[in-house]
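Structure assessment
Here's the letter readout for the chains.
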Amino acid sequence: MSDGQGTKAPWLPPRWFIRTAWSVHRGLYRVTGSRVGLWRPRENRWGTLRLTTIGRRTGQQRGVIIAYFEDGPNLVGVAMNGWGEGAPAWWLNLQARPDASVEMVDGRRLVRGRAATGDERSRLWPRWSEADKNFDAHAARRSSETTVVVLEPRSDGDSPTPGQGPNAR
């Protein structure tokens, strides 16, 4: 997308390349028994975590590795689909069933997902731009606003957790 002053959108790899990179990342995570593929965020650099949701249609566990940063006790991600159109399946699953779990370098946490809105979204969005100078330009490729997802800690023992409950495998 152009701002009318001849600014060229930054290069984005083809969709097949992005999907292959995701597959390789997940494969490394699996093959190494979770020892490779997750890292903590650092100043001006996001980390990665493995989010496990319950499928909105299947009721089965679904895992995905996403980028995140910390905001106090909360974990913050963006619901992007490789900068392609549409919401990623993990975000649709969280909207239907907000309770989930995350695997991080330092262990597992129970979380509840929600979209950041208003002032909170305005405060969190620039943190992604600090980590990636092309972030805003990539987001501008999408026809709809990219959702900022907040994963809040939860400790309630009676809510279903991925991997527990009647649909667990």
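Above this text sits the structure in question.
The structure contained in this document is the topic of the report that follows. (Residues numbered from 1 in each chain as written. Predicted model: local features only at pLDDT ≥ 70, side-chain atom pairs only at ≥ 80, totals over all residues. Heavy atoms only, no water.)

Details of the sheet that holds strand 1 (residues 47-54)
Strand order around the closed barrel formed by six strands is 1-2-3-6-5-4, with antiparallel pairing between neighbours. Across the sheet, the axes of successive neighbouring strands diverge by a mean angle of 45°, strand direction being ignored. The pairing of strand 3 (residues 74-79) with strand 6 (residues 147-153) spans five bridges and is classified as antiparallel. Its bridge partner lying in strand 6, Gly 77 is registered against Val 149. This element, helix 2 (residues 89-96), spans strand 1, strand 2 (61-71), strand 3, strand 4 (99-104), strand 5 (107-115) and strand 6 of the sheet and lies at about 50° to strand 1. The sheet strands contacting helix 3 (residues 118-131) are strand 2, strand 3, strand 5 and strand 6, and the helix crosses strand 2 at an angle near 90°. (Pairing = 2+ DSSP bridges. Helix = DSSP H or I, 4+ residues; strand = E, 2+ residues; numbered from the N terminus. Axes fitted to C-alpha atoms, helices over the stretch in contact; angles between N-to-C directions. Contact = heavy atoms within 4.5 Å.)

Side note on unusual backbone geometry
A positive phi angle, close to 55°, is found at Asn 44, a residue other than glycine. With respect to the secondary-structure elements, Asn 44 resides in the loop between helix 1 (15-31) and strand 1.

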